[in-house]
Every structure is written in structure tokens, then in C-alpha cells.
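Commentary on secondary and tertiary structure
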Amino acid sequence: MDNTYLVAPAQASANPDMNLTRYINTFACAMQQRYGEKVHKVSINAAFTCPNRDGTKGIGGCTFCNNSSFNPNTQQAPGVCEQVAAGKQVIRKRTGARKYLAYFQAYTNTYAEISSLKALYDEALAIDDVIGLSIGTRPDCVPDKVLDLLASYRDQGYEIWLELGLQSTSDKVLQGVNRGHGFGEYVDAVNRVQQRELQYCTHLIAGLPGESVQATADSAQRVISMGTTGLKLHPLHIVRGTQMARQWKQGGVTPMTLDEYIQVVADIVCEAPPELIFHRLTGTANKDLLLAPDWTEYKWKVLNGIYLELEQRGTIQGSAFGARIRQDNNAIIQSLSI
């Protein structure tokens, strides 16, 4: 195992210098500044499905998707109140946070009748110390009625985030993983989200088949240039029980290396505007399901690698943002003069 970036969690937390907030506007840091205390997301599985699984758009879902690989509540789904209570107890011991966002995470959490959605969201918001919602969904599953409902919660003073699982801006890559939507659906959703001035976080997966490291960075720049409020980056996980696992075993998928992932995340951070909120910089999978790459099992190894890379570069979030804007403007001017 490559130990270049390995720092144990206890060492990382004990070392005040090993702090990504020195370089990156993280979700935790942004919420701390906004509310004067720690705010943490509590994951909820509300037993939704997905149009790419139930036959509306497809069967079987995305080739990389086994929801239980990242959502701890997939195998058992008690009520919203029970899940939030259990999550709060764990989070208070681990981080000390006492304010929470109810994070509807598993599958497509806007894929139901508006009355059913409102009942679930209202139930979560009625829980003590829950100050808002984070709603995970697909860009092709956000009708105006849902956006209006979320805007109404925002207008009541709740912290509201819509999390759009885009994964890539390349239609070819999205088609290759059987995503069931293209970049156009994301553009349409973002236009309507921005009309309502809702906060939204865009999810991207680095290392999808057919997408180079540079193409991953380009996807990030496209969604940033469109004005995404937040960004969630995730390395590709190849997990058991998926079509991609079978492709990987046959040699058809080559995951990113740790160094490639660290480099591309550092590039994205440097070229992001200072106000953009990074909700996630990496992700781990259930160890019993993870097949590759093995480095994704070690969250702190990845985060510390990103920290050390930014430190070595002597850069912080936004340090290359002005240069990127000037480059884009020059390209526009040049195209107009041709």
C-alpha cells in the first residue's frame, strides 16, 4: 500500500496544521460561519426508488450503482424520526454537532407525489434541532412543484439544499453508465432552480469509464461556470452487485489512481471561486462491497493527500479562478474576432 499520504485520523485531528479549511471552503466551515456552531447532515433512507430502476427510464439502474455501498440505512429503513434520532446520537458523540440537516440520500428523493414528499419533509423539519433539508435527486426528477415546495421552506427560514446527481457533463459518458439522462436535463433543472434562488450542490464522479482525468476537471468547470452553489466530488467505486463490477473483472474498467484523484481535486479546488462550498472531497464505500480502487477505503489518506498537495503548491481555493476567467474571456474575444 502507498503510504505517502497516510495520516491516521487521530493524528490528523490532533494536528492543527492538518486542516483543509485553511485551503478549502468546506461545507462544515460554511455552516459554522453561517450558524456560529457545527451543523451536520443526518442521512435518511425514505424508501424511494429511481426512474432508472422501476422501468420508467430503465431497469437495473446505473452500472456503478449499489446504493447500499454508501448509504448505511439501505438495508433497513425505519421511520424518518427513528433514523434522525439514531443519526443525531452518533454525530453528537463523533463531532459534537447539535444542529442538523435531514439528508434524504438514498436513490431519488423527489420521485413521488408532491403530497407524499411534503409529508416526509415536514416530518423531518418538525424534529428538534433539524434546521433544514438536503435533498438528493437526479436532474431529470425536479418538477416545478418540488422546487416551489423547497423554496417555500427556504422562505420560512430553513437551510435548504438540492443535491443534483449529475456525475459527468459528457452525454457519451452518461450513456455509457446507463445514467438515463443527459447534460441537457441538468441545464434545464439548474435554470429553474436558479430562478427560485435555491442553493444546489452538484455531484460529480471522477474516473467514470471513458472520461479522462482532464475531462473530469472540465466537467467541474462547466458546472462551476453555470453557477453551482456547492460541489460534491466522489471517486468512482467499483462495488459488488453492479454491472460495472462485471466489466471491471473482465478488464473493461480501469479506476483512477490515488495520485490522479488528488491532482484533479486540487486542480478543481484551485480553479473554483472562493465562495463555492465543497460538500465532499472524497467518499468511502462499504468495505464488504468495495472491489476497487482499494485506496478509496481510507478517507483520511485521500483528504490528507489533498491537503498536502495544496500545501506543496502553495495554493488555496480560488487561487487560479481569476486566471481561468481571463482565459475564458480571451477565448470568447478571439472567437468573436474570427
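Residues numbered from 1 in each chain as written. Predicted model: local features only at pLDDT ≥ 70, side-chain atom pairs only at ≥ 80, totals over all residues. Heavy atoms only, no water.

So, on to the pattern of salt bridges. Here the structure, examined in full by the defined rule, presents 15 salt bridges. Lys232 serves as the salt-bridge partner of Glu163, at 2.9 Å between the closest nitrogen and oxygen. Placement of Glu163 in strand 4 (residues 159-167) and of Lys232 in strand 6 (residues 230-235) is noted, with a sequence separation of 69 residues between them. Residue Lys232 is classed as buried on the basis of its relative accessible area, which comes to 3%. (Salt bridge = Lys/Arg side-chain N within 4 Å of Asp/Glu carboxyl O. Helix = DSSP H or I, 4+ residues; strand = E, 2+ residues; numbered from the N terminus. Buried < 20%, exposed > 50% of the residue type's maximum accessible area, 1.4 Å probe, protein only.)

Let us look at the side chain of Lys41. Inspection of the secondary structure puts Lys41 in strand 1 (residues 39-44). Looking at Lys41, the relative accessible area reads 14%, which means it is buried. One polar contact links Lys41 to Glu163, side chain to side chain, over a distance of 2.6 Å. Within the structure, the side chain of Lys41 is placed 2.9 Å from the side chain of His279, a separation counted as a polar contact. (Polar contact = N/O pair within 3.5 Å; in protein donor to acceptor, adjacent residues only side chain to side chain.)

Attention now goes to the sheet that holds strand 6. A sheet is described by the order of its strands in space; here seven strands give the open sequence 1-2-3-4-5-6-8, paired in parallel fashion. This sheet does not close on itself; its edge strands, each paired only once, are strand 1 and strand 8 (277-280). Put simply, the sheet's adjacent strands are angled 25° from each other on average, direction ignored. Pairing analysis gives six bridges linking strand 3 (residues 130-137) to strand 4, with the strands arranged parallel. Bridging from a neighbouring strand, Gly136 pairs with Glu163 of strand 4. Where helix 3 (residues 80-94) meets the sheet, its contacts fall on strand 1, strand 2 (99-104) and strand 3, and the angle it forms with strand 1 comes to roughly 140°. (Pairing = 2+ DSSP bridges. Axes fitted to C-alpha atoms, helices over the stretch in contact; angles between N-to-C directions. Contact = heavy atoms within 4.5 Å.)

This paragraph deals with unusual backbone geometry. A cis geometry characterises the amide bond from Ala292 onward to Pro293, with omega recorded as -10°. Within the secondary structure layout, Pro293 lies in the loop between strand 9 (290-292) and helix 11 (299-313). We note that Tyr107 has phi near 60°; this positive angle belongs to a residue other than glycine. For Asp129, which is not glycine, the phi torsion reads 75° and is therefore positive. By secondary structure assignment, the location of Asp129 is in the loop between helix 4 (114-125) and strand 3. Since its relative accessible area comes to 31%, Asp129 is described here as partly exposed.

Summing up the model confidence of the protein chain, the mean pLDDT is 89 and the portion of residues at 70 or higher is 86%. This stretch, residues 1-16, has a pLDDT under 50; its non-local contacts, to residues over four places away or in other chains, come to 21 contacts. (pLDDT = per-residue confidence, 0-100.)

Take the nonpolar core next. With 69 residues, the main nonpolar core has Phe104, Leu133, Leu231 and Phe278 as its most contacted residues. Apart from the residues within four sequence positions on either side, Phe104 is in contact with Ile44, Ala46, Phe48, Val80, Asn109, Leu120, Tyr121, Ala124, Leu133, Ser134, Ile135 and Gly136. Judged by nonpolar contacts, the second largest core, of 13 residues, contains Phe64, Ile238, Met244 and Leu291. (Core = buried A, V, L, I, M, F, W, Y, C linked by side-chain atoms within 4.5 Å.)

Turning our attention to the packing of helix 8 (residues 213-225) against helix 10 (residues 258-271). Where helix 8 contacts helix 10, the axes come no closer than 10 Å and their chain directions differ by 25°. In this view, helix 8 runs roughly parallel relative to helix 10, as classed from their interaxial angle. The crossing of helix 8 and helix 10 is right-handed. Residues Val213, Thr216, Ala217, Ala220, Gln221 and Ile224 of helix 8 form the contact with helix 10, whose participating residues are Glu260, Val264, Ile268 and Glu271. (Parallel < 35°, antiparallel > 145°, perpendicular 65-115°, else oblique. Left-handed = near helix turned anticlockwise from the far one by under 90°.)

A word on the side chain of Thr63. Secondary-structure assignment places Thr63 in the loop between strand 1 and helix 3. The exposure class of Thr63 is buried, given its relative accessible area of 8%.

All right, on to the environment of Gly176 then. Counting through the fold element by element, Gly176 comes out in helix 6 (residues 171-176). Residue classification places Gly176 among the exposed residues on the basis of a relative accessible area of 52%. For the pair Gly176 and Cys62, spaced 114 residues apart in sequence, the C-alpha to C-alpha distance is 9.1 Å.

On to the state of the cysteines, then. Taken as a whole, this structure holds zero disulfides when the rule is applied. We note that Cys141 lacks a disulfide partner, and the nearest cysteine sulfur, in Cys50, lies 6.6 Å from it. For Cys141, a relative accessible area of 9% corresponds to the buried category. (Disulfide = S-S within 2.5 Å.)

Applying the stated criterion across every chain yields a total of seven aromatic pairs. Ring centres of Tyr121 and Tyr153 lie 6.4 Å apart, and the angle between their planes is 70°; on these two criteria the pair is classed as edge-to-face. Residue Tyr121 is located in helix 4, and its partner Tyr153 is located in helix 5 (residues 144-155); the two are separated by 32 residues in the primary sequence. Accessibility assignment for this pair places Tyr121 and Tyr153 in one class, buried. Ring geometry for Tyr153 and Tyr158: centres 6.4 Å apart, planes at 80°, overall edge-to-face. Judged by its relative accessible area of 27%, Tyr158 is partly exposed. One aromatic cluster is present, built from ring pairs that chain together Phe104, Tyr121, Tyr153 and Tyr158. Across the ring face of Phe27, the terminal group of Lys41 is positioned such that the distance to the ring centre comes to 4.7 Å. It is Lys41 that lies over the ring of Tyr103; its NZ or CZ is 5.1 Å from the centre. (Phe/Tyr/Trp six-rings, centres within 6.5 Å; stacked < 30°, edge-to-face > 60°. Lys NZ or Arg CZ within 6 Å of the ring centre and 35° of its normal.)

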